[in-house]
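Analysis of the macromolecular model
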Amino acid sequence: SDEMVWEEDPNNLNNSNETTYQTPEHIRMRASLINHPSTGSAFLKDLERSQLLENIVHPVLNTWSNALSVIPVQGNLTIDINQLYDEKSCGPGIQSGLPSVVVPTEHMVVGVPGTDLLVYLNIGFHGQLFEELNADTMLRRSAYEDQEILLPLDPESVSPLKPEITVDEDPEPDNYTTFLVESDPPLLDVPACSGTYLASSTYCSTDQFDRPIAGMLHLCIGKDFFQGREFA
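Below or above, wherever it landed, is the structure these notes cover.

What counts, and at which threshold
- Residues numbered from 1 in each chain as written.
- Predicted model: local features only at pLDDT ≥ 70, side-chain atom pairs only at ≥ 80, totals over all residues.
- Heavy atoms only, no water.
- Patch = residues over 30% accessible without salt bridge, like charges linked within 9 Å, V, L, I, M, F, W, Y side chains within 5 Å.
- Areas by Shrake-Rupley, 256 points an atom, 1.4 Å probe, with all protein chains shown as cover.
- Salt bridge = Lys/Arg side-chain N within 4 Å of Asp/Glu carboxyl O.
- Helix = DSSP H or I, 4+ residues; strand = E, 2+ residues; numbered from the N terminus.
- Buried < 20%, exposed > 50% of the residue type's maximum accessible area, 1.4 Å probe, protein only.
- Disulfide = S-S within 2.5 Å.
- Phe/Tyr/Trp six-rings, centres within 6.5 Å; stacked < 30°, edge-to-face > 60°.
- Pairing = 2+ DSSP bridges.
- Axes fitted to C-alpha atoms, helices over the stretch in contact; angles between N-to-C directions.
- Contact = heavy atoms within 4.5 Å.

**Some thoughts on a nonpolar patch on the surface**
On the surface, Val60, Trp64 and Leu68 cluster together into a nonpolar patch covering about 280 Å² of accessible area. Inspection of the secondary structure assignment puts Leu68 in the loop between α1 (46–67) and β5 (69–70). Here Leu68 falls in the partly exposed class, since its relative accessible area comes to 38%.

**Side note on the pattern of salt bridges**
Oppositely charged side chains may form a pair once their charged atoms are brought near each other. Within the structure shown, the criterion is met by four salt bridges. A salt bridge links Asp116 to Arg28, with the shortest nitrogen-to-oxygen separation between them at 2.9 Å. In this pair, Asp116 sits in the loop between α2 (105–109) and β8 (117–125) while Arg28 sits in the loop between β3 (25–26) and β4 (29–32), placing the two residues 88 residues apart along the sequence. Given the relative accessible area of 1%, Asp116 is considered buried. Among the ionic pairs, Arg49 bridges to Asp46, the shortest N-O distance being 3.0 Å. Note that Arg49 and Asp46 are positioned in helix α1 at a spacing of three residues, about one turn of the helix.

**Quick notes on the state of the cysteines**
Overall, the coordinates contain two disulfides when judged by the stated rule. Between the sulfur of Cys90 and that of Cys204 lies a disulfide, 2.1 Å long from S to S. Negative torsions about the S-S bond denote left-handed disulfides, and the value of about -95 degrees found for Cys90 with Cys204 makes this one left-handed. A residue pair is termed long-range when its members are at least 10 positions apart, and Cys90 in strand β6 (residues 89–90) and Cys204 in strand β11 (residues 199–206) qualify at 114 residues.

**Remarks on the packing of aromatic side chains**
Taken as a whole, this structure holds two aromatic pairs when the rule is applied. A centroid spacing of 6.4 Å and a plane angle of 80 degrees characterise the contact between Phe43 and Phe125, whose relative ring orientation is edge-to-face. Here the residue Phe43 occupies a position in the loop between β4 and α1, and Phe125 occupies one in strand β8, the gap between them amounting to 82 residues. The pair formed by Phe43 and Phe125 is uniform in burial state, with each residue classed as buried.

**A few points about unusual backbone geometry**
With a phi close to 65 degrees, Glu87 is a non-glycine residue in the positive phi region. With respect to the helices, strands and loops of the structure, Glu87 is situated in the loop between β5 and β6.

**A short note on the sheet that holds β8**
Here four strands make up an open sheet; going across it, the order is β4-β8-β12-β11 and the pairing mixed. The two strands at the open ends of the sheet, each matched to only one other strand, are β4 and β11. In this sheet, neighbouring strand axes are inclined to one another by 25 degrees on average, regardless of whether the strands run parallel or antiparallel. In this sheet, strand β12 (residues 212–221) lies alongside β8 in parallel orientation, the contact comprising eight bridges. Paired with Phe125 across the strands is Ile221, a residue of β12. α1 contacts β4, β8 and β12 of the sheet and is inclined by roughly 155 degrees relative to β4.

So this is what it looks like as structure tokens:
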């Protein structure tokens, strides 16, 4: 697009002829995959996470980035809590029973640098893969509960468990970023996909011009989803 957007230069308010011009640039898109109960990411293996981001999501974001242009966001992109349906998640709301992703507080307070559109990923499972994950989860949950009974009764004799926060190494962070917060999968329910759809999406935050700046992409993964997507 050759469209130029102009606005008054605040440093030259005494001269109405002085203007600054902003040229649209390729949109900077990032995907956020959070290992949080609201995303289903805890049930992906490390290799599957890498394949999903590097072999599937990253190429799609690059394609759209090359095709679309916007006036770039100045500074960090921040999510407006007042625009979130339940003031905490991107999507129709955690209590709705439909796919939604809890937005990290950091994204609402500090923001995400170098980004014009932030896409929160949400993973669901169906078919044989869901059955296998669900059966395995039930076994591990049972073992976890049995182990919990054997813990010492004196709380001072047990070191508090703190979630470990890790960030994937990202040699090419131009168009995607991952925020992985480790949790304990045995205590989580396996998110099931209802119906026969493959994916769904929505937006949850817009800028002052009503342009979406954050959204949620829900992917329904089956047994053969990662076949043929191995690393070269």
